[in-house]
Amino acid sequence: MEFKHKSVLLDEVIEHLNIIEDGVYVDGTLGGAGHSSAIIARLGRDGRLIGIDQDADAIAAAETKLQGDSRVTIVKNNFRELRSVLQKLSIPQVDGILLDLGVSSYQFDDPERGFSYHEDKPLDMRMDRDRSLTAADIVNTYAEEDLRRILKEYGEEKYAGPIAANITRTREQKRIETTGELVDIIRKSMPEREKNKKGHPARKTFQALRIECNQELTVLREVLDDAIELLKPGGRLCIITFHSLEDRIVKQAFAGAENPCTCPPDFPVCVCGKKPLGQMKPHKPIVPGGEEIRENPRARSAKLRVFVRGEE
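Please read all numbers here as calculations on a predicted model, not as lab measurements. (Residues numbered from 1 in each chain as written. Predicted model: local features only at pLDDT ≥ 70, side-chain atom pairs only at ≥ 80, totals over all residues. Heavy atoms only, no water.)

## Here we look at the nonpolar core
Going by this rule: As used in this record, nonpolar core signifies buried Ala, Val, Leu, Ile, Met, Phe, Trp, Tyr and Cys residues forming a set joined through side-chain atoms within 4.5 Å. The rule is simple: take the accessible area with a 1.4 Å probe, protein chains only, and divide by the maximum for that residue type; under 20% is buried, over 50% is exposed, in between is partly exposed. Put simply, DSSP H or I for four residues or longer makes a helix, DSSP E for two residues or longer makes a strand, and each gets a number counted from the N terminus. Between two residues, a contact is recorded if the distance between any of their heavy atoms is within 4.5 Å.
Leu82, Ile97, Leu237 and Phe254 are the most contacted members of the largest nonpolar core, which has 64 residues in total. Looking at this core element by element, the count peaks at seven residues for helix α12 (residues 216-229). Not counting residues within four places of it along the chain, the set of residues in contact with Leu82 comprises Val26, Ile52, Ile97, Val223, Ala227 and Leu230. Among the nonpolar cores identified, the runner-up in size contains 26 residues, and Val13, Ile19, Leu304 and Val308 belong to it.

Encoded structure:
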């Protein structure tokens, strides 16, 4: 299957990265190299792009698209290893970093990857297929209370309790192996009125399992401090999120870096010594326009937040 992915908020990302010709940039979610290609087009011959992705299919597609360009280094890894990747390349700091979170169109559209609830395929959901834990493992081995917590916390699923209970009841008879089997369990766990509402009834459960399977929120929390610290003065960190859980983590991390003082509010002067690392620009998230959403409905929930490293 050909790797296809339409880059979200492409123009906005390029604008806010504020690319300089001889700069060094990191695309931590390389995918099909849509954003990366636009970055490279604005680099001079001394510029450099480091592309990171954990998905072997994405790496192969990007290598084909960007082959022969000496300014590009592609690394198969999780972006949580950003610091170690740059250390191995002897790059102390960079001019810009992009993280486009979530699942690529290719991963959604390839039913064999198990991200989609529209076809009955193996329940996988691994972004990095070299990892062992699959969504099927989670569904079949996690305790009922852990499943309930994951569905409620990561999927904000109102029927987390009944779904978790029916999963554990079903797996006592037979291991749950496919997306179709899980969708049937979810449907049976909901009142009839919920099944007729807008949106697929399995959407929230699938989101929760995907987040748990790939440790997406943990990875995001781990990388944010490193990403900010690895920026040169004036460097930009651009992060695209697709749901409120991710956006909240990014917003809080950026706000903490902008105002890290831990002194009580009634202190007349700061004594903790923590200095601002930069600021959010703009303070509100950037969202797709109506035309982009019409052309790419998957962009409708996207939010771009930008952090600019302060001058030292």
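That covers the picture; the talk isn't over yet.
## Digging into empty space enclosed by the protein
So the rule is basically this: Only protein atoms enter the 1 Å grid used here, on which a cavity is any set of points holding a 1.4 Å probe that cannot leave and a pocket is any open set flanked by protein within 12 Å on both sides along at least five of seven lines; residues with an atom within 4 Å of a point are listed as lining. Grid points are joined across faces, edges and corners, and a volume is the space filled by probe spheres set on the points. In this count, Pro and Cys sit with the nonpolar residues alongside Ala, Val, Leu, Ile, Met, Phe, Trp and Tyr, while Asp, Glu, Lys and Arg are called charged and the others, Gly among them, polar.
Under the counting rule described, the total for this entry stands at two cavities of 30 Å³ or more. Contributing to the lining of the largest cavity are 32 residues, with Thr29, Asp100, Leu101, Gly102 and Met127 lying nearest its centre. Elements with a contribution of two residues or more to the lining of the largest cavity: α2 (34-40) and α12. It is α12 that provides the largest number of residues to the lining of the largest cavity, a total of three residues. A per-class count over the lining of the largest cavity returns eleven nonpolar, 15 polar and six charged. What lines the second largest cavity is simply Gln54, Asn78, Arg80, Arg131, Asn214, Gln215 and Val219.

## Concerning unusual backbone geometry
The phi torsion of most residues other than glycine is negative, and most of the peptide bonds are trans. In this structure, Pro282 follows Lys281 across a cis peptide bond, with omega equal to -5 degrees. Along the polypeptide, Pro282 turns up in the loop between β6 (278-280) and α14 (290-295). A positive phi angle, close to 75 degrees, is found at Met125, a residue other than glycine. Positionally, Met125 belongs in the loop between α5 (105-109) and α6 (135-141).

## With respect to the packing of helix α11 (residues 203-214) against α12
Selection rule: In this analysis an axis means a line fitted to C-alpha atoms, helices contributing only their contacting stretch, and an angle means the value between N-to-C directions, from 0 to 180 degrees. Comment on the angle field: the value is read as roughly parallel under 35 degrees, roughly antiparallel over 145, roughly perpendicular from 65 to 115, and oblique elsewhere.
Relative orientation of the contacting elements α11 and α12 amounts to 50 degrees, with a least axis distance of 6 Å. On the basis of the axis angle, α11 is oblique to α12. Taking contact as the criterion, the partners of Arg210, Ile211 and Asn214 in α11 are, on α12, Glu216, Leu217 and Val219. Considered class by class, the residues forming the contact of α11 with α12 number three nonpolar, one polar and two charged.

## Observations concerning helix α3 (residues 56-66)
The cut-off we apply is this: Directions pointing from the helix axis toward each C-beta atom define the arc. Polar contacts here mean pairs of N or O atoms no more than 3.5 Å apart (in protein, one a potential hydrogen donor and the other a potential acceptor; neighbouring residues in sequence count only if both atoms are side-chain atoms).
All of the buried residues along α3 are Ala58, Ile59, Ala62 and Leu66. Buried residues along α3 cover an arc of 100 degrees about the axis, so they all sit on one side. Looking at the buried residues of α3, the elements they touch are α2, β2 (48-53) and β3 (72-76). Between the side-chain oxygen of the N-cap and the backbone nitrogen of Asp57 there are 2.8 Å, and the N-cap of α3 in question is Asp55. Looking one or two places after α3, you find Gly68, whose phi comes out positive at around 90 degrees.

## Looking at helix α7 (residues 144-155)
Helical periodicity: at 3.6 residues per turn, an α-helix aligns residues three or four positions apart in one direction. So the rule is basically this: Take the residue count of a helix, subtract one, and multiply by 1.5 Å to get its expected span.
Taking 1.5 Å per residue, twelve residues should reach 16 Å; α7 reaches 16 Å between its end C-alpha atoms and fits that length. Residues Leu147, Ile150, Leu151, Tyr154 and Gly155 constitute the buried set of α7. Taken around the axis of α7, the buried residues stretch over an arc of 100 degrees, which confines them to a single face. Away from its buried face, by an angle of more than 90 degrees, α7 presents the exposed residues Glu145 and Lys152. The elements touched by buried residues of α7 are α6, α8 (160-171), α11, α12 and α13 (244-258). Following α7 by one or two positions, Glu156 has its phi on the positive side, about 50 degrees.

## Examining the pairing of β3
Stated precisely, the cut-off is as follows: By definition, two strands form a pair when at least two bridges between them are found by DSSP.
Across five bridges, β2 lies against β3 in parallel orientation. The partner of Ile50 across the bridge, within β3, is Thr73.

## Here's the deal with the environment of Pro191
Along the chain, the position of Pro191 falls in the loop between α9 (179-188) and α10 (192-195). Along the chain, Pro191 and Tyr159 lie 32 residues apart, while their C-alpha atoms are 9.3 Å from each other.

## What to know about the state of the cysteines
The test is simple: In what follows, a disulfide is any cysteine sulfur pair within 2.5 Å.
Summed over the entire model, instances satisfying the criterion amount to zero disulfides. Take Cys261: it sits in no disulfide, and the sulfur closest to it among the cysteines is that of Cys270, at 3.6 Å.

## Considerations on the pattern of salt bridges
Filter applied, for reference: When a carboxyl oxygen of Asp or Glu is within 4 Å of a side-chain nitrogen of Lys or Arg, the pair counts as a salt bridge.
Taken as a whole and judged by the stated rule, the model has 22 salt bridges. Salt-bridge contacts for Arg298 lead to Asp109; the nearest nitrogen and oxygen are separated by 2.7 Å. Placement of Arg298 in the loop between α14 and β7 (303-309) and of Asp109 in helix α5 is noted, with a sequence separation of 189 residues between them. Glu144 is paired through a salt bridge with Arg148; the nearest N and O atoms lie 3.4 Å apart. With Glu144 and Arg148 both in helix α7, this residue pair falls four residues apart, about one helical turn. The structure contains a network of salt bridges with shared partners spanning Asp55, Asp57, Arg113 and Arg129.

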